[in-house]
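Listed below are the residues making up each chain.
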Amino acid sequence: MKKKKGAADNLKNKTAIQKHREWRGGLDTAYDYMQWCRLWGILIKWAASHPVQNVRAVFRYRWMFSYLTVPSFFDRLCEGQRGAGLRGARNNLNYLASDVTKTLTTIFSADMHLHPDSKKAEELNKRIICVDELLPNLLGKGFPDCKMILFQEYPMYLPSLINQHSPVHYIEQSELYGLPADVCPLPSFEAGLAIEDDFPKIGCCMLTSNMPCDGSIMTTMLQERRIGLPSQVLNVPLRWKEDEVQDYAVEEIRSAIAFLEEHTGQKFDWDAFKEGCEIWNRQNECKFEKWDMNRTDIPPHTGSSAWLYRIFEHQAVAGEPRALRNDLKVNRILRKQVAAGKCPKTIRHRAVLWNTPCNNYANFNNWLLNCWGIESVCEMIDIHGTDLIDTGSHESMLRGLADHYQTSTMRAHTKGGSEVMLDSLWEKYEEYNADMIIMFDQISCKGVGAINGLFEEGAMKRGIPMVRVRQDLMDPTSITRREMRNDVNIFMQSVMKEEPVDASLVEFDDDESW
Amino acid sequence: MKAIKILITIMLAFLAVTVPIYWFNLDTKLVKLIEKPMMKRYDSMPRDNRL
Ligand code: SF4
């Protein structure tokens, strides 16, 4: 009998490049093709807007190579997707591409590495505020004539997701420089960029922060030496559930506003800020609706494109009208499928994915679903910044913003005590009617590592199947994608005694894949 | 009528070029081809690592 072809049979050995793009049925393939054309339209528009500058940027910055692989990255995030899931994912990703290319244009137009001695670039820099990428840039809405840029987002965070090998060179540089090799790869990558002088030279001032953890605080020192901009730390309290810290959190923001006013020469615009907060509240409401839909038997908006978009929205485009329009469009698409009761995927298990996901395997969720039928109905990284901001007064908005910071990406759960990291897991498990937990064991996130035993005890006490998946956030040289898959394979075969949905995906070599 | 003919020709030409690129993943394969030379270039760039 002829062996049935699986998804991995269409992948080239080692690079995992698709021999041909995925056949998803006539309608979905046509939709995917159109969205692919839309993506290329965005990329060509960007490239053609400043051709010389962009070519120079690609040749100047190693991390820019990763952006050339974006079409392939989007394909990976949409692997196996059909119906509303595919449509939602493609719209989210293309919105992301259009926003990122716009920001890259601003960055490169102002970059003194690319335009040394340029008066025009100097002028542009007077209106650019750099902020640590872990500080959501909603505050920037109060400076409508300036552009607030998440400083490490574009050279570090996004490339680490797009191309798993992009952090390796920079991590090596920080280790060669003599920095300890056992810190989390995120701050190591940032330090490597500073050592290699691979951050764009932009901005008039910089807001740094103590987010999300000690590793990041250390690397800020190195980055400051390289960047050389006037800077101020915006401290965000760790024990964010406690009321006593809130006055301090608001004071920190007031002081940051005074710092930004001084260096940009602009007055903080409360009306513009209020408008930004109101848009953000509506973006958040769209997210709540998506979560509600994911609690049904037909979870339509799951996987990497959902959490990646959420992080980007929360950090980079909170309060952005175009992002809200995308959310409303995607929700309309998802609602239709749920109302029709259609579920175009094989779901055997509903899983809660806990702890920080693995950047160097952003499409891990797709693999879980396509190989074992494990649907990621709820993810820890997706749940942050969920309180609506009260826009009634200046004070209430600042309190809302302080909360928005304290419940930011990685911070909401990995700091703040066991009730947010541990208790919340069992609540979400019930809420989403889950039947298993995928626990990321991020080997260099020591704060969470310390309570690994409590997760295991809790799962055992409740009789919940829980698989631990080792990973190292963005360093594929410590734990490979294959090893991550293997953790799940062993669990599914020996504990759950199950057969895969697609046997070709159980074991394949993608070590050289982007 | 002529305008419609031109429009249809343009659309067909667009499809004839882009559909094979899409289906055979030629855009990704092309980027893979330039990866090595690009990395060589980045490796050979002079760097000032003093902080
Ligand atoms: S994964 Fe953990 S150690 Fe790494 S930056 Fe985030 S909180 Fe810090």
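Right above here is the structure, for reference.
Criteria and cut-off values
Residues numbered from 1 in each chain as written. Chains lettered and ligands numbered in written order. Predicted model: local features only at pLDDT ≥ 70, side-chain atom pairs only at ≥ 80, totals over all residues. Heavy atoms only, no water. Helix = DSSP H or I, 4+ residues; strand = E, 2+ residues; numbered from the N terminus. Salt bridge = Lys/Arg side-chain N within 4 Å of Asp/Glu carboxyl O. Buried < 20%, exposed > 50% of the residue type's maximum accessible area, 1.4 Å probe, protein only. Near = heavy atom within 4 Å. Nonpolar A, V, L, I, M, F, W, Y, C, P; charged D, E, K, R; others polar. Phe/Tyr/Trp six-rings, centres within 6.5 Å; stacked < 30°, edge-to-face > 60°.

A. Region of the structure containing unusual backbone geometry. Residues and elements named next belong to chain A. In this structure, the amide linkage connecting M211 to the following residue, P212, adopts the cis form with an omega of -15°. Structurally, P212 can be placed in the loop between β3 (205-209) and α10 (214-227). Of note, the phi angle at D197 is positive, near 55°, even though the residue is not glycine. With respect to the helices and strands, the residue D197 is situated in the loop between α9 (185-195) and β3.

B. Highlighting the pattern of salt bridges. Residue and element names in this part refer to chain A. Enumeration over the complete set of coordinates arrives at 37 salt bridges over all chains. In this structure, the salt-bridge partner of R21 is D75, at a minimum N-O distance of 2.7 Å. Remark: D75 occurs in helix α4 (residues 70-77) and R21 occurs in the segment before α1 (26-49); sequence separation between them is 54 residues. Residue classification places D75 among the buried residues on the basis of a relative accessible area of 5%. Note that R468 is salt-bridged to E456, the shortest N-O span being 2.6 Å.

C. Structural detail: the site of the ligand. What surrounds the ligand is the set C184(A), P212(A), C213(A), M410(A), T414(A), K415(A), Q442(A), S444(A), C445(A) and L473(A). Along the lines of polarity and charge, the residues of the shell around the ligand split into 6 nonpolar, 3 polar and 1 charged.

D. Highlighting the packing of aromatic side chains. Residues and elements named next belong to chain A. For the structure on display, the rule yields 21 aromatic pairs over all chains. Plain terms: the ring middles of F65 and W514 are 6.4 Å apart, the flat faces sit at 70° to each other, and that makes the pair edge-to-face. Here the residue F65 occupies a position in helix α3 (residues 64-68), and W514 occupies one in the segment after α21 (481-495), the gap between them amounting to 449 residues. An identical accessibility class is assigned to F65 and W514; each is buried.

None of the figures reported here should be taken as evidence of function without further support.
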